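# Structural overview
Each chain is listed here by its residues.
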Amino acid sequence: PTLVRAYHEKVISHYESPRNVGSLPKNDIDVGTGLVGAPACGDVMKLQIRVDEKGIISDVKFKTFGCGSAIASSSYMTERVKGLSLDDAGKIKNTEIAKELSLPPVKLHCSMLAEDAIRSAIRDYRKKRDTLPDSKKAGY
Ligand code: FES
Ligand code: FES
């Protein structure tokens, strides 16, 4: 019973008090921005990462204009990727989020938005880094 309640509270808290809401300066060279939309419903999610010189995600922020499940999914994702390498962060699946948040099948696309958003943020960061001379490149 204790375990079940702890699980439940974790889920509820991502809905009621989402973590890491906000923005990072999108022109900073160490910031990657992912902006994705869900064709199914028109909801939009922005997720941003800041990457340190070792290629580790040191900060994460999100803004989601969408349903409660999309907001909870992005909140969960921000906590999940902080401290991870870009490769590890890019491997997180929406099915993990859906399971952690107990999303019903009709809300699967909401968690997909979070998976798309982190991948898109990583791509944006890498694209920016690729424009730098090798001596200035950090991480990946
Ligand atoms: Fe309203 Fe997604 S558009 S729940
Ligand atoms: Fe579309 Fe949740 S993101 S209903």
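Residues numbered from 1 in each chain as written. Chains lettered and ligands numbered in written order. Predicted model: local features only at pLDDT ≥ 70, side-chain atom pairs only at ≥ 80, totals over all residues.

Per an unreviewed UniProt entry, the chain goes by the name Iron-sulfur cluster assembly protein and belongs to Phellinidium pouzarii. The chain has a UniProt comment under Subcellular location (unreviewed entry) that states "Mitochondrion matrix". Quoted verbatim from the Function (unreviewed entry) field of the UniProt record, the comment on the chain reads "Scaffold protein for the de novo synthesis of iron-sulfur (Fe-S) clusters within mitochondria, which is required for maturation of both mitochondrial and cytoplasmic [2Fe-2S] and [4Fe-4S] proteins." (UniProt positions renumbered as here; feature names shortened; annotations may be inferred.)

A tally of regular secondary structure across the chain gives 5 helices and 3 strands. Of the regular secondary structure in the chain, the N- to C-terminal order runs α-β-β-β-α-α-α-α. Looking at the chain as a whole, 31% of its 140 residues qualify as buried. At a minimum sequence separation of 6, the contacts of the chain that also span at least 24 residues come to 64%. (Helix = DSSP H or I, 4+ residues; strand = E, 2+ residues; numbered from the N terminus. Buried ≥ 20, exposed ≤ 12 C-beta atoms within 10 Å, placed from the backbone. Contact = placed C-beta atoms within 7 Å.)

We now examine helix α5 (residues 108-130). Look at α5: 33 Å from first C-alpha to last across 23 residues, which is about the 33 Å you get at 1.5 Å a residue. Buried residues belonging to α5 abut β1 (31-37), β2 (44-51), α2 (68-81), α3 (86-89) and α4 (94-100). (Expected span 1.5 Å × (residues − 1).)

Here the focus is the sheet that holds strand β3 (residues 57-65). Sheet architecture is open: 3 strands sit in the order β1-β2-β3, paired in antiparallel fashion. For this open sheet the edge positions go to β1 and β3, each flanked by a neighbour on one side alone. When strand polarity is set aside, the average angle formed by the axes of neighbouring strands in this sheet is 15°. As paired elements, β2 and β3 share 8 bridges and run antiparallel to each other. (Pairing = 2+ DSSP bridges. Axes fitted to C-alpha atoms, helices over the stretch in contact; angles between N-to-C directions.)

Looking now at the packing of α2 against α5. Viewed as axis vectors pointing N to C, α2 and α5 meet at an angle of 40°, and their least axial separation amounts to 8 Å. Accordingly, the angle class assigned to the pair α2 and α5 is oblique. As α2 runs across α5, the sense of the crossing is right-handed. Across the interface between the two elements, Ser69, Ala70, Ser73, Ser74, Met77 and Val81 from α2 touch Cys110, Ser111, Leu113, Ala114, Ala117 and Ile118 from α5. A breakdown of the residues in the contact of α2 with α5 according to their chemical character gives 8 nonpolar, 4 polar and no charged. (Parallel < 35°, antiparallel > 145°, perpendicular 65-115°, else oblique. Left-handed = near helix turned anticlockwise from the far one by under 90°. Nonpolar A, V, L, I, M, F, W, Y, C, P; charged D, E, K, R; others polar.)

Right, let's talk about α2 for a bit. With 14 residues, α2 should cover 20 Å at 1.5 Å per step; its first-to-last C-alpha distance of 20 Å lies within 8% of that length. In terms of residue burial, α2 counts as a mostly covered element, since 11 of its 14 residues are buried. Considered for burial, the residues of α2 that qualify are Ser69, Ala70, Ile71, Ala72, Ser73, Ser74, Ser75, Tyr76, Met77, Thr78 and Val81.

Okay, the environment of Ser58 next. Following the sequence through the fold, Ser58 ends up in strand β3. Ser58 gets classed as partly exposed once you count the C-beta atoms within 10 Å, which come to 13. Apart from the residues within four sequence positions on either side, Ser58 is in contact with Arg50, Val51 and Asp52.

Let's shift gears to the pairing of β2. Of the strand pairs in this sheet, β1 and β2 are connected by 7 bridges, and their pairing is antiparallel. Paired with Val36 across the strands is Met45, a residue of β2. With antiparallel pairing between neighbouring strands as the criterion, β2 and β3 make up a hairpin whose turn holds 5 residues, including Gly55 at a positive phi of roughly 85°.

The next subject is unusual backbone geometry. Backbone geometry places Asn20, a non-glycine residue, at a positive phi of 60°. Note that Asn20 resides in the loop between α1 (2-16) and β1.

Moving on, we come to the environment of Gly42. Mapping Gly42 onto the fold places it in the loop between β1 and β2. Residue Gly42 is classed as exposed on the basis of its C-beta count, with 9 C-beta atoms lying within 10 Å. In sequence terms Gly42 and Gly66 are 24 residues apart; their C-alpha atoms lie 8.0 Å from each other.

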